[in-house]
Amino acid sequence: MTALSDVDDLDTRSVLTARGPSASSEARRARRKDRGIDPVPWWLIVIGTLVALYFILPTLIVIPLSFSAASAFQFPPTEFSLRWYENFFTDPKWLSSLGNSLLVAILAAAIATLVGTAAAVGLNRLTGRLAGFLRTLLMISMVTPAIVVAVAVYVSFLQWHLTGSLLGYVLAHAALGVPFVLVSVTTALGGFDPKLLRASASLGASPLRSFTTVTMPLISRGVLTGAIFAFVTSFDEVVIALFLRSPTFQTLPVQMYNSVTFELDPTISASSSLVVVAVTVIFLVPMLIGSRTKNR
């Protein structure tokens with residue numbers, strides 16, 4: 001067999017040599033295509049690098065500012081200090097707004113995850129125009145301008161006496177997080193085999209037990225991803241929070257907005273740096289855990 005393969009290789013090389021360099025280049029491209037190698041053009045690498053720098057540049061300015069010892073915004077910093085981080089963790093207004101944001105984000109993410117997962121599982125079993133209409137209706141807040149949603153929420157909550165309350169914040173932010181959970185869980189359900197549910201039912205499992213023991217473990221990564229997006233969306237939301245704020249209850253993004261519009265408080269650089277680091281960790285940790293689990 002080895003001898004025959006060597007003879008075939010020699011015949012192929014002789015034919016390619018006889019046909020000239022064009023045949024050789026075509027053969028190399030064919031082998032490269034078979035191996036799945038698709039080289040990235042240099043101009044695409046340059047564009048991707050410029051776009052990445054454009055998004056990272058504000059962070060590269062804000063984080064050094066948070067370590068400045070000056071009493072005003074100064075870049076690059078001439079002296080370094082932790083005074084603004086100390087002020088953030090000792091000032092009651094910053095700590096209370098941080099606690100409010102965490103509380104609202106956790107509750108809103110929990111509600112959005114429950115509603116979005118249930119909607120995704122239910123719509124996955126529907127077909128036709130009705131399923132498409134309901135899915136579009138649930139995802140309309142994702143493409144609607146934030147100011148439009150904020151005005152609608154403010155007018156409605158004003159009649160229901162929910163402005164400035166924890167329940168109002170949680171319901172509004174949960175509505176924003178449902179589309180992210182719906183998209184993530186729907187994607188996870190795309191690779192789900194319905195035959196597994198029929199097999200589970202044939203073994204005597206109830207629909208609830210089939211969902212908790214069969215469906216949920218297989219779509220858990222999509223549910224977790226949607227929950228993370230819902231949490232980050234709620235934690236970072238500022239437009240609706242500005243409409244719903246009250247003197248006794250406001251979130252961290254509203255406090256950051258006030259520190260820029262009503263006063264020049266450099267503490268915002270420390271809070272912004274903490275938010276960037278926290279959101280980055282929230283996104284990276286599940287990815288690292290998932291990659292390790294997949295490798296194992």
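Residues numbered from 1 in each chain as written. Predicted model: local features only at pLDDT ≥ 70, side-chain atom pairs only at ≥ 80, totals over all residues. Heavy atoms only, no water.

1. Concerning the overall build of the chain
Here is step 1 of the chain: Scanning the chain from N- to C-terminus turns up 14 helices and zero strands.
Here is step 2 of the chain: For the chain, the proportion of its 296 residues judged to be buried stands at 32%.
Here is step 3 of the chain: Sequence separation of 24 or more characterises 67% of the internal contacts of the chain that already satisfy a separation of 6 or more.
Here is step 4 of the chain: Element-wise, carbon and sulfur atoms account for 69% of the exposed surface of the chain, whose accessible area totals about 18,800 Å². (Helix = DSSP H or I, 4+ residues; strand = E, 2+ residues; numbered from the N terminus. Buried < 20%, exposed > 50% of the residue type's maximum accessible area, 1.4 Å probe, protein only. Contact = heavy atoms within 4.5 Å. Areas by Shrake-Rupley, 256 points an atom, 1.4 Å probe, with all protein chains shown as cover.)

2. Looking at the environment of Gly-177
Here is step 1 of the chain: With respect to the secondary-structure elements, Gly-177 resides in helix H9 (residues 166-189).
Here is step 2 of the chain: In this view, Gly-177 contacts Ala-112 and Ala-230; residues no more than four positions away in its chain are not counted.

3. Examining unusual backbone geometry
Here is step 1 of the chain: Residue His-161 is not a glycine yet carries a positive backbone phi of 60°.
Here is step 2 of the chain: Topologically, His-161 is positioned in the loop between helix H8 (146-160) and H9.
Here is step 3 of the chain: Under the relative-accessibility criterion, His-161 is labelled exposed at 69%.

4. A short note on the nonpolar core
Here is step 1 of the chain: Residues Trp-94, Val-185, Leu-189, Phe-235 and Leu-252 are the most contacted members of the largest nonpolar core, which totals 29 residues.
Here is step 2 of the chain: Residue assignment for this core shows that the elements contributing at least two residues are helix H5 (92-124), H9, helix H11 (207-236), helix H13 (252-261) and helix H14 (267-295).
Here is step 3 of the chain: Of the residues forming this core, the biggest block, nine residues, is contributed by H5.
Here is step 4 of the chain: The residues touching Phe-235, leaving out its near neighbours within four places in the chain, are Leu-98, Ser-101, Leu-102, Ala-105, Leu-252, Pro-253 and Val-275.
Here is step 5 of the chain: In terms of nonpolar packing, the next biggest core, distinct from the first, is built from 15 residues, Val-153, Ala-241, Leu-244 and Val-254 among them. (Core = buried A, V, L, I, M, F, W, Y, C linked by side-chain atoms within 4.5 Å.)

5. Concerning the environment of Ala-230
Here is step 1 of the chain: For Ala-230, the position within the fold is in helix H11.
Here is step 2 of the chain: On a C-alpha basis, the gap between Ala-230 and Ala-110 in space is 8.5 Å, while along the polypeptide they are 120 residues apart.
Here is step 3 of the chain: When neighbours within four sequence positions are excluded, Ala-230 is seen to be in contact with Ala-109, Ala-112, Gly-177 and Val-181.

6. Quick notes on the packing of H8 against H9
Here is step 1 of the chain: In the contact formed by H8 and H9, the axes pass within 12 Å of each other and the chain directions differ by 145°. The two elements H8 and H9 meet at a crossing, and its hand is right-handed. Residues Val-149, Val-153 and Phe-157 of H8 touch H9, and the partners they reach there are Gly-168, Leu-171, Ala-172 and Leu-176.
Here is step 2 of the chain: Partitioned by chemical class, the residues of the contact of H8 with H9 number six nonpolar, one polar and no charged. (Axes fitted to C-alpha atoms, helices over the stretch in contact; angles between N-to-C directions. Left-handed = near helix turned anticlockwise from the far one by under 90°. Nonpolar A, V, L, I, M, F, W, Y, C, P; charged D, E, K, R; others polar.)

7. Here's the deal with the packing of aromatic side chains
Here is step 1 of the chain: Under the definition given, this model contains eight aromatic pairs.
Here is step 2 of the chain: Between Tyr-54 and Phe-55, the ring centres sit 5.6 Å apart and the planes meet at 75°, which makes this aromatic pair edge-to-face.
Here is step 3 of the chain: Taking relative accessible area as the criterion, Phe-55 reaches 60% and is therefore assigned exposed.
Here is step 4 of the chain: On the basis of an interplanar angle of 50° and a centroid distance of 5.7 Å, the ring pair of Phe-88 and Trp-94 is categorised as tilted. Comparing Phe-88 with Trp-94 shows no difference in burial state: the two are buried.
Here is step 5 of the chain: Just above the ring of Trp-84 sits the side chain of Arg-83; from NZ or CZ to the centre is 4.2 Å. (Phe/Tyr/Trp six-rings, centres within 6.5 Å; stacked < 30°, edge-to-face > 60°. Lys NZ or Arg CZ within 6 Å of the ring centre and 35° of its normal.)

8. Considerations on H8
Here is step 1 of the chain: Its 15 residues give H8 an end-to-end C-alpha distance of 21 Å, which sits within 8% of 21 Å, the value for a rise of 1.5 Å per residue.
Here is step 2 of the chain: What H8 keeps buried is the set Val-149, Ala-150, Val-153 and Phe-157. Along H8, the residues classed as buried sweep out an arc of 95° about the axis, all on the same side.
Here is step 3 of the chain: Against H9 and helix H12 (239-244) lie the buried residues of H8. (Expected span 1.5 Å × (residues − 1). Arc of directions from axis to C-beta.)

9. Quick notes on helix H4 (residues 83-90)
Here is step 1 of the chain: Restricting attention to buried positions, one finds in H4 the residues Trp-84, Tyr-85 and Phe-88. Summarising the axial view, the buried residues of H4 lie within an arc of 100°, below the 170-degree limit, and thus occupy one face. Away from its buried face by more than 90 degrees, H4 exposes Glu-86 and Thr-90.

10. So, the packing of H9 against H11
Here is step 1 of the chain: Between H9 and H11, the least distance of the axes is 8 Å, while the angle of their chain directions is 150°. One way to sum up the angle between H9 and H11 is to call them roughly antiparallel. For the crossing formed where H9 meets H11, the hand is right-handed. Facing His-173, Leu-176, Gly-177, Phe-180, Val-181, Ser-184, Val-185, Ala-188 and Leu-189 of H9, the residues of H11 in contact are Thr-215, Ile-219, Gly-222, Val-223, Thr-225, Gly-226, Ala-227, Phe-229, Ala-230, Thr-233 and Ser-234.
Here is step 2 of the chain: When grouped by side-chain class, the residues that make up the contact of H9 with H11 number 11 nonpolar, nine polar and no charged. (Parallel < 35°, antiparallel > 145°, perpendicular 65-115°, else oblique.)

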